[in-house]
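One-letter residues, chain by chain:
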Amino acid sequence: MRRRDGHHTLARVAFLVIVVACLFSAVYSGGTGTPPDDAGRVAEPLAGTAWNLVALRADNGSVTAPLPQAEPLIIFGESGTLSGSAGCNLYSAPYRINGTRISVEAVAITGAYPATANGLVQQESRYRELLVAASSYRVDGDRLVLSGPSGKDLLVFSRAEQPKTVPLLATTWQLTRYSTGGGSAVASPVPGTNITLVFDDDGTLSGSAGCNAYSAPYQLNETGLAVERVIATKASCTEPDGVMEQESAYLALLRSAAGYRIVGDTLAVIDGNGRAILFFTAEP
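Conventions used here
Residues numbered from 1 in each chain as written. Predicted model: local features only at pLDDT ≥ 70, side-chain atom pairs only at ≥ 80, totals over all residues. Heavy atoms only, no water. Helix = DSSP H or I, 4+ residues; strand = E, 2+ residues; numbered from the N terminus. Contact = heavy atoms within 4.5 Å. Areas by Shrake-Rupley, 256 points an atom, 1.4 Å probe, with all protein chains shown as cover. Disulfide = S-S within 2.5 Å. Buried < 20%, exposed > 50% of the residue type's maximum accessible area, 1.4 Å probe, protein only. Phe/Tyr/Trp six-rings, centres within 6.5 Å; stacked < 30°, edge-to-face > 60°. Salt bridge = Lys/Arg side-chain N within 4 Å of Asp/Glu carboxyl O. Core = buried A, V, L, I, M, F, W, Y, C linked by side-chain atoms within 4.5 Å.

Draft legend 1. Representation of the overall build of the protein chain. Regarding its fold elements, the protein chain presents three helices and 20 strands. Put simply, of all contacts in the protein chain between residues at least 6 apart along the chain, 51% involve residues at least 24 apart. Surface summary for the protein chain: the accessible area is close to 15400 Å², and the carbon and sulfur share equals 54%.

Draft legend 2. The state of the cysteines, seen in detail. Enumeration over the complete set of coordinates arrives at one disulfide. With a sulfur-sulfur separation of 1.9 Å, Cys211 is cross-linked through a disulfide to Cys237. A torsion of 80° about the S-S bond marks the disulfide between Cys211 and Cys237 as right-handed. Here Cys211, found in the loop between strand E14 (204–208) and strand E15 (213–221), pairs with Cys237, found in the loop between strand E17 (231–232) and helix H3 (243–255); they are 26 residues apart in sequence, far enough to count as distant. Assessed through its relative accessible area of 26%, Cys237 is described here as partly exposed.

Draft legend 3. Spotlight on the packing of aromatic side chains. In the structure shown here, the tally under the stated rule is six aromatic pairs. Arranged with centres 5.2 Å apart and planes meeting at 80°, the rings of Phe76 and Tyr95 form a pair that is edge-to-face. With a gap of 19 residues between them, Phe76 in strand E3 (residues 73–76) and Tyr95 in strand E5 (residues 90–98) connect regions that are remote in the sequence. Of the two residues examined, Phe76 and Tyr95, each falls in the buried class. Both rings, one in Tyr91 and one in Tyr127, keep their centres 5.7 Å apart while their planes meet at 70°; by these two values the pair is edge-to-face. In this pair, Tyr91 sits in strand E5 while Tyr127 sits in helix H2 (residues 120–133), placing the two residues 36 residues apart along the sequence. Of the two residues examined, Tyr91 and Tyr127, each falls in the buried class. One aromatic cluster in this structure is built from Tyr91, Tyr127 and Phe157.

Draft legend 4. Examining the pattern of salt bridges more closely. The final tally for this structure, using the stated rule, is nine salt bridges. A salt bridge links Arg126 to Asp59; the shortest N-O distance between them is 3.2 Å. Pair noted here: Arg126 is in helix H2 and Asp59 is in the loop between strand E1 (50–57) and strand E2 (63–64), with a separation of 67 residues, a long-range link. One continuous salt-bridge network, built from bridges that share partners, spans Glu44, Asp142 and Arg159.

Draft legend 5. Structural view of the side chain of Asn89. Among the secondary structure elements, Asn89 is positioned in the loop between strand E4 (81–85) and E5. Here Asn89 is in contact with Gly84, Ile109, Thr110, Gly111, Ala112, Tyr113, Glu124, Ala276 and Phe279, once residues within four sequence places are set aside.

Draft legend 6. Inspection of the nonpolar core at higher detail. Counting 28 residues, the largest nonpolar core has Trp173, Phe199, Leu205, Tyr214, Tyr250, Leu278 and Phe280 as its most contacted members. Elements supplying a minimum of two residues to this core: strand E11 (172–180), strand E13 (196–199), E15, strand E16 (224–227), H3, strand E18 (257–263), strand E19 (266–271) and strand E20 (276–282). Ignoring sequence-local partners within four residues, the contact set of Leu278 consists of Leu175, Arg177, Tyr178, Tyr250, Leu253, Leu254, Leu267, Ala268 and Val269. Formed by 24 residues, the second largest nonpolar core is a distinct cluster that contains Ala93, Tyr127, Leu131 and Leu154.

Pasting the structure below:
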């Protein structure tokens, strides 16, 4: 009897060891996929914060810095929408956060690239791809890290001051870039020219097209924009070279406006195909 009881005792001990081992393993490999170090992490709210990209994971798996002077910016809005600059184009997307989990839905982006953009198209495409692939986040001091389902870091940002959004109306907007080549590229204005745009609250826009003054009725519908008959003065400027060709192109693009986006002090006017055709910055 004693030997049998001893066997029963050993069996019970072995069974308990197995159960404890399984429970211990489950703690570290549960369905949440949360690493042990993150199990008790308190997620910092992202709404109302802004971040500049400092590193992203390339197609080959390496971690690289973004192109100089083309670092993407991300702004987390209070209403579940994020927005920013992808380096050249402006973008926005709905997002959801649950604890340390983050989900970014399809990214809507303006479509225009500088004619001299070397690698910018690829960077913006990769940035959008990684943004949608992100499944979790963590904030370490002034660093925001978005990680994928496997736990690999995809995007690393540094904390930035959230840019104050400039209102569309009663602001003097100065042209910085405009679409060329049928929308496949953008160019800077001719040096020595100043093209401006002002939306008045009476439904009239006006400004300088570089040589002539112009005005037109406009209509707004949320982020929709329709420009009606554009009227301009009839002066002919001979300097600087190309000013009249630029003016003609600018006014034609303005007539084709179908929408707009504002991020900080940058205004993008968009055509009916969703392409950014005019970029402005707010004058101080």
